[in-house]
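What follows is each chain in one-letter form.
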Amino acid sequence: MNINLTLIGQLITFIVFVWFCKQYVWTPIINALAERRTTIADGLAAADKGQAAQAEGEIQAGKLVEEAKGQAAEILNKAEKRGTEIVSEAKTEAGGEGDRILVAARAEIDTEVSKAKESLRAQVSELAVAGAQQILKREVDEKAHADLLDDLAARL
Amino acid sequence: MSSEATLTSSAYIKHHLTNLTYGRHSDGSWGIAHGADEIKEMGFWAIHLDTMFWSILLGVLFLAVFRKVAKNVVAGVPDGMQNFVEWIIDFIDENVRGSFTGKNDLVAPLALTLFCWILLMNVMDLIPVDVIPMLAQLIGIPYMKVVPSTDPNATFAMAIGVFVLTIYYSIKIKGVSGFAAELTMQPFESKNIVLKLLFIPINFILEFVSLIARPISHSLRLFGNMYAGEMIFILIAIMFSGGLSVVAVAGGGLQLVWAIFHILIITLQAFIFMVLTIVYLDMAHQHH
């Protein structure tokens, strides 16, 4: 229980220890702790950001898919429409062609018929002349009776 | 020690409570004191070699371990030792943040030093009381008190250090007039100038006593607890002196029980000393 020089010695020791602790122990360690704290905080913030970006990306992707779906449907619609158009066009074209062919065929038939009639008339008139020659037993002057024969042929 | 038949119980206790003191003898020569009387004659100009040696050894041990970690400290994943040191530092930092409202970079390292140093000094109490003194006696050292915190010099030195810091920061933060006002203008206040002047001496006496009481209670609390604990260990150790008997076995049991209980006390006292330091410095930083 003696207070003596030890008190001064202890006081100096104490001051040196506190100084050393502050300078070389506390400051570097507390700085490292603070640094780690910021690192962890940054990491957590980055993770949050990443999650937000992912959510945003998912929404964006959904939008894109929706858009693509709409476009696809539109294209499909257009294609169908175009298809029906082509079919109807083809139909009308085919109809017109048919008509044209029909008309042409009819015209041909008409000309064939009139040609046949023509030749038939000529043959009939020849027959008639031959018949008349037989009947008359003589040569009919074709030139003299040409009018007559033409008239006959026209009446056939 | 206890085997020496000539040694009485009271001599045994006295021996254990005597520091290894180096100083000037009454005849003018310098040397180590033998016995309490010689120590008394030396007066103030003597030094307790054992207190100095153990406290410096333990302080250096604490600082060496912490410095080793601080040197290789990494902000990334800490290894085991760094983890342990960080755990203590976090604990101190939390306490300082909780109790200290001002801004001062000295308080936290001060608290850390006090807590670890006092804890280590107190832990010396758990070493069986005879082991180190007996070893010391084998190499010719007559006295060896191994628990520095049972030496009032050590506890007063720390309390005075804290007290000086308290005064320094009080004056630095509040100014001389602010500090003087704190000592004289409360707890009794008055708007009346006459009453005010009348209250100044009363306030001063009250505040001055409470100011001076702080370092004294601060140091004596630690000293008293450790001294009493040490004393009980010594008393238990006396029970062994009867040789192998029922009393000796009971002493062994008591020793164990008291040591386990003492773990609580040494930690608690180190913690209380640290917390009070923080609180006193916080008071010094507060404006009224």
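Residues numbered from 1 in each chain as written. Chains lettered and ligands numbered in written order. Predicted model: local features only at pLDDT ≥ 70, side-chain atom pairs only at ≥ 80, totals over all residues. Heavy atoms only, no water.

## Some points on the pattern of salt bridges
- Tallied over the entire structure, the rule returns six salt bridges over all chains.
- For E86 of chain B, the salt bridge identified is with R36 of chain A, shortest N-O distance 2.8 Å. Of this pair, E86 of chain B sits in helix α4 (residues 80–99) while R36 of chain A sits in helix α1 (residues 5–136), each in a different chain.
- Given the relative accessible area of 5%, E86 of chain B is considered buried.
- By relative accessible area, which is 15% here, R36 of chain A ends up buried. (Salt bridge = Lys/Arg side-chain N within 4 Å of Asp/Glu carboxyl O. Helix = DSSP H or I, 4+ residues; strand = E, 2+ residues; numbered from the N terminus. Buried < 20%, exposed > 50% of the residue type's maximum accessible area, 1.4 Å probe, protein only.)

## Brief notes about the nonpolar core
- Counting 54 residues, the largest nonpolar core has F66, I89, I92, L112 and M158 of chain B as the members making the most contacts within it.
- Elements with a contribution of two residues or more to this core: α1 of chain A together with α3 (49–71), α4, α5 (107–123), α6 (131–138), α7 (152–184), α8 (193–239) and α9 (246–285) of chain B.
- Among the elements that make up this core, the one with the highest residue count is α5 of chain B (11 residues).
- Residues contacting F66 of chain B, with those up to four places away along its chain left out, are V25 and I29 of chain A together with V85, I88, I89, L112 and C116 of chain B.
- L17, A237, W258 and I265 of chain B belong to the second largest nonpolar core, which has 12 residues in total. (Core = buried A, V, L, I, M, F, W, Y, C linked by side-chain atoms within 4.5 Å. Contact = heavy atoms within 4.5 Å.)

## Focus: α3 of chain B
- The end-to-end C-alpha distance of α3 of chain B is 31 Å, a good match for the 33 Å that 23 residues give at a rise of 1.5 Å each.
- Taken together, the buried positions of α3 of chain B are D50, T51, M52, W54, S55, L58, G59, F62, L63, F66, V69 and A70 of chain B.
- Buried residues in α3 of chain B make contact with α1 of chain A together with β3 (46–48), α4, α5, α6 and α7 of chain B. (Expected span 1.5 Å × (residues − 1).)

Geometric descriptors of this kind do not, in isolation, establish any biological role.
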